[in-house]
Amino acid sequence: MAVALQVLPRLARAPLRPLLWGGPGARLASGMALAEQARMLFENTIGAVLPGPMMHRALSLDPSSGQLKVRDRSFQLRQNLYLVGFGKAVLGMAAAAEELLGQHLVQGVISVPKGIRAAVECSGKQEMLLKPHSRVQVFEGAEDNLPDRDSLRAALAIRQLAEELTADDLLLVLISGGGSALLPAPIPPVTLEEKQTLTKLLAARGATIQELNTIRKALSQLKGGGLARAAYPAQVVSLILSDVVGDPVEVIASGPTVASVHNVQDCLHILNRYGLRAALPRSVKTVLARADSDPHGPHTCGHVLNVIIGSNALALAEARRQAEALGYRAVVLSAAMQGDVKSVATFYGLLARVAGAHLTPPGGAGVSVEEEEQLHEQAAALQLPDLQLKEALEVVKGARGPICLLAGGEPTVQLQGSGKGGRNQELALRVVKEAEVVKGARGPICLLAGGEPTVQLQGSGSNGRNQELALRVAAELGQRPLGPVDVLFLSGGTDGRDGPTEAAGAWVMPELASQATAEGLDVATFLAHNDTHTFFHRFQGGAHLLYTGLTGTNVMDVHFLFLRPR
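One numbering rule holds for all chains: residues counted from 1, following each sequence as written. Local features in this predicted model are restricted to residues whose pLDDT is 70 or higher, and side-chain atom pairs enter the listing and the counts only when it is 80 or higher, whereas totals over whole chains, interfaces and linings include all residues. Only hydrogens and water are removed before side-chain values are computed, so all heavy atoms of the structure are retained for them.

The chain is annotated in an unreviewed UniProt entry as Glycerate kinase from Myotis brandtii. UniProt positions are given in the numbering used here, feature names are shortened, and annotations may be inferred rather than shown by experiment. Of the chain, the UniProt comment under Sequence similarities (unreviewed entry) reads exactly: "Belongs to the glycerate kinase type-2 family."

> What's the story with the overall build of the chain in this structure? I'm lost.
Helix and strand counts for the chain come out as 20 helices and 20 strands. Pairs at least 24 residues apart make up 86% of the contacts formed inside the chain by residues separated by at least 6 positions. Each accessible area is a Shrake-Rupley result for a 1.4 Å probe, and residues are judged covered by the shown protein chains and nothing else. Accessible surface for the chain amounts to roughly 21,500 Å². Of this, 51% is attributable to carbon and sulfur atoms. Secondary structure elements are defined from DSSP: runs of H or I of at least 4 residues count as helices, runs of E of at least 2 residues count as strands, and each element is numbered from the N terminus. In this analysis, two residues are considered to be in contact whenever any of their non-hydrogen atoms come within 4.5 Å of each other.

> Just checking my understanding: could you explain the pattern of salt bridges for this structure?
For side chains of opposite charge, pairing can occur when their charged atoms come near one another. We define a salt bridge as a side-chain nitrogen of Lys or Arg found within 4 Å of a carboxyl oxygen belonging to Asp or Glu. Following the criterion strictly, the structure yields 10 salt bridges and no others. Between Asp-495 and Lys-88 there is a salt bridge, and its shortest N-O distance comes to 2.6 Å. Here the residue Asp-495 occupies a position in the loop between β17 (485-493) and β18 (505-508), and Lys-88 occupies one in the loop between β5 (81-86) and α4 (90-101), the gap between them amounting to 407 residues. In terms of burial, Asp-495 and Lys-88 fall into one category: buried. For the salt bridge of Arg-320 with Glu-324, the shortest nitrogen-to-oxygen distance reads 3.5 Å. With a gap of four residues between them, Arg-320 and Glu-324 both fall in helix α12 (residues 312-325), about one helical turn apart. A 1.4 Å probe rolled over the protein chains alone gives each residue an accessible area, and that area as a share of the maximum for its type sets the label: buried under 20%, exposed over 50%, partly exposed in between.

> When you look at the packing of aromatic side chains in this model, what are you seeing that I'm missing?
Geometry of an aromatic ring pair is reported as the spacing of the ring centres plus the angle between the planes. Pairing of aromatic rings covers Phe, Tyr and Trp, the last through its six-membered ring, and needs centres within 6.5 Å; plane angles under 30 degrees mean stacked, over 60 mean edge-to-face, and all others mean tilted. Going through the model one piece at a time under the given rule, you end up with seven aromatic pairs. Consider the rings of Phe-347 and Tyr-348, whose centres lie 6.0 Å apart with planes at 50 degrees: the pair is tilted. Here Phe-347 falls in the buried class, since its relative accessible area comes to 0%. Residue classification places Tyr-348 among the buried residues on the basis of a relative accessible area of 4%. With 6.0 Å between their ring centres and 45 degrees between their planes, Tyr-348 and Phe-489 make a pair best called tilted.

> Explain the side chain of Ser-176 here, please?
As for its position among the elements, Ser-176 is in the loop between β8 (170-175) and α7 (192-204). Dropping the residues within four chain positions of it, Ser-176 is found in contact with Phe-86, Gly-87, Lys-88, Ala-89, Val-90, Met-93, Leu-241 and Ala-253.

> It is not clear to me how the pairing of strand β10 (residues 304-310) should be interpreted in this structure. Could you clarify?
Looking along a regular strand, one sees the side chains alternate between the two faces of the sheet. In terms of burial, β10 is a largely internal element, seven of the seven residues being buried. By the convention used here, strands pair only if DSSP detects at least 2 bridges between them. Sheet topology places strand β9 (residues 235-241) next to β10; six bridges connect them, and they run parallel. Counted as the bridge partner of Ile-240 is Ile-308 from β10.

> Would you take a moment to explain helix α13 (residues 341-358) for this structure?
An α-helical turn contains 3.6 residues, so a residue and the one three or four places further along point in the same direction. Working rule for helices: expected span equals 1.5 Å times residues minus one. In a regular helix each residue adds 1.5 Å, so 18 residues correspond to 26 Å; α13 covers 26 Å between its end C-alpha atoms and thus fits that length. Burial analysis of α13 places 15 of its 18 residues in the buried class, which makes it a mostly covered element. Any pair of nitrogen or oxygen atoms within 3.5 Å is treated as a polar contact; in protein, a donor-acceptor pairing is required on top of that, and neighbouring residues in sequence qualify only through side-chain atoms on both sides. The N-cap of α13, judged by a side-chain oxygen 2.9 Å from the amide nitrogen of Lys-342 a few residues on, is Asp-340.

> Is there a simple way to think about the sheet that holds strand β3 (residues 67-70) in this case?
Strand pairs in the sheet, formed through backbone hydrogen bonds, run parallel or antiparallel to each other. Spatial ordering of the open sheet is given by β2-β3-β4, a layout of three strands whose pairing is antiparallel. The sheet is open, and its two edges are formed by β2 (59-62) and β4 (73-76), each paired on a single side. Strand-to-strand twist across the sheet, computed as the mean angle between neighbouring axes with direction ignored, equals 25 degrees. Where β3 and β4 come together, four bridges link them in antiparallel fashion. The axes used here are C-alpha line fits, helices contributing only the stretch in contact, and every angle between their N-to-C directions lies in the interval 0 to 180 degrees.

> What is the right way to read helix α3 (residues 51-58) from this model?
Of the residues making up α3, those classed as buried are Pro-51, Met-54, Met-55 and Ala-58. Viewed along the axis of α3, the buried residues span an arc of 100 degrees, placing them on a single side of the element. This arc is taken over the directions from the axis of the helix to the C-beta atoms.

> Help me understand the nonpolar core, please; the structure alone is not making it clear to me.
One broad trend across soluble globular proteins is that nonpolar side chains are buried collectively. Take the buried Ala, Val, Leu, Ile, Met, Phe, Trp, Tyr and Cys residues and link them wherever side-chain atoms come within 4.5 Å; each set so joined is a nonpolar core. Within the largest apolar cluster, 67 residues are counted, with the highest numbers of intra-cluster contacts made by Met-55, Val-70, Ile-110, Leu-172, Leu-174 and Leu-239. Top element by residues in this core is α4. It accounts for eight residues. When residues of this core are assigned to domains, at least three fall in each of domain 1 (52-185 + 226-259 + 296-310) and domain 2 (313-434 + 458-565). Setting aside residues no more than four positions away along its own chain, Ile-110 makes contact with Leu-83, Val-84, Gly-85, Val-90, Leu-91, Ala-94, Leu-130, Val-136, Gln-137, Val-138 and Phe-139. Within the second largest apolar cluster, 49 residues are counted, among which are Phe-347, Ala-470, Phe-539 and Leu-563. Start and end positions for the domains come from either an automated domain assignment or a database one.

> Can you help me understand the packing of helix α2 (residues 34-47) against α12 in this one?
Describing two packed helices takes the angle between their axes plus the distance from one axis to the other. The geometry of α2 relative to α12 is characterised by a closest axis approach of 8 Å and an angle of 140 degrees between their N-to-C directions. Of the possible angle classes, the one that applies to α2 and α12 is oblique. For α2 against α12, the interelement crossing comes out right-handed. Residues Leu-41, Asn-44 and Thr-45 of α2 touch α12, and the partners they reach there are Ala-315, Glu-318, Ala-319, Gln-322 and Ala-323. In the scheme used here, Gly and all other residues not listed as nonpolar or charged are polar, with Ala, Val, Leu, Ile, Met, Phe, Trp, Tyr, Cys and Pro taken as nonpolar and Asp, Glu, Lys and Arg as charged. Of the residues contributing to the contact of α2 with α12, the split by class is four nonpolar, three polar and one charged. Orientation categories follow fixed angle ranges, with anything under 35 degrees roughly parallel, anything over 145 roughly antiparallel, 65 to 115 roughly perpendicular, and all other angles oblique. It is the rotation of the near helix from the far one that decides the hand of a crossing: anticlockwise by less than a right angle makes it left-handed, clockwise makes it right-handed.

> Even after reading the chapter, I still don't get the packing of α7 against helix α8 (residues 209-218), so can you show me in this structure?
Packing of α7 against α8 leaves a shortest axis separation of 10 Å and a crossing angle of 165 degrees. Classified by the angle between their axes, α7 and α8 sit roughly antiparallel to one another. For α7 against α8, the interelement crossing comes out right-handed. Only Leu-212, Ile-215 and Arg-216 of α8 make contact with α7, whose side of the interface consists of Lys-195, Leu-198, Thr-199, Leu-202 and Ala-203.

Here it is in structure tokens:
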């Protein structure tokens, strides 16, 4: 079995120092506009998971001996080091690797999103660009995060490099989110178009990311351990920037250096579940039948070392630190926020009401027993394995100032229309309906979360999941009148690109719904058509959209909920 290491900071659970509202940090937070705080927190969170710093933490080279150290493992370099990579963060990862490895690197091939080099250059991030006369060949493709002919050419070039390696060689594999679309290599006679069509049909019928990856692996030359098999007998070291809840190495980019644990029967079960088995192209049936009769049985990846060098947890840790610097009491709720986006938005709304009630001074509205029970029921329904809700509420009860709760995960979005949006924009708009009921908090609160909602297609919508998420949260925040408290919710993707839109996400406040109505925009209508990007583009001239450009990294999404008494 391949070795897998996790090189991540643990989510801090240590007791926090009490923060007094009116102290220096709190005065700083009080004096800043909420939108300014939210944007700054988002930018600093992304900065913590940029490729360069993470690569330098994972790799070290002794120039005198030529020993490459990857955490606690050492490899002898002697003109035998090769590099491949694929993913949204891989350009910066490759630039950092080339700087570290210098002349030891013989050759490399990477597959990165279309337009990323120009975007990085325009943003002035020279450290994320390869040097002139680099030994690493760059392919750009997968426009709008969809496999295409350009990414197919890149995948075939990566396969060719891997197949030419010997037992004396070392292959460094750089993997990040978006890597699956950038490494399409269907097993003949399956064509790229046939594989894409099948994947889209499964996604439209509600298949999970795990189910999609099972099918992708079965039809791919490189996924599901295929790249590791192609590189054998060379040693393989994979440095992985995770964009998946729980950081399972077999799921990230569909596990090209991890042997698949699924078989043909698993694939057929999935296809039957979604009513697609009878409609399979002949080529797909041929490949599945061939795999079912493979005399060699399942393959292993014992020559591979997989190392996770960064994830959403690292981003949340930085968000917590930054929020505390602003005077907020910060707690990590969960690193595995999952479920339907509507349920997640309801959870955030209930949490905001209960937390706000606990912070209400004597004589205020107080905590509703019914709402606190509803909150725990909603949390139980989400089935989050690491949810620290009880601990978070204990912190809230003892707080004397602003609160900041953080979490990460992967809610799902069900598309019902043909609109354009994203999960973060939809979630922000839905939570607006709930936050208006938070009254009388003794100090500002900031609730933070992270994850990556997925989109279940039911129509022909073009929808980025971050914007979809934000808009649904905004709808929750606007349901009932709000007391004397300012509320802001932000949902943004750390890669800077939310689906097929140019926005990373959006931020909202409780008055959004009424302000939108005054502009002739009906929130419910846009949500019904999953047209969240169009909504935010029109609303106040697009002022609530987050635009970062391609950031060069990708560790899912982050959610911030600020609650601050006036």
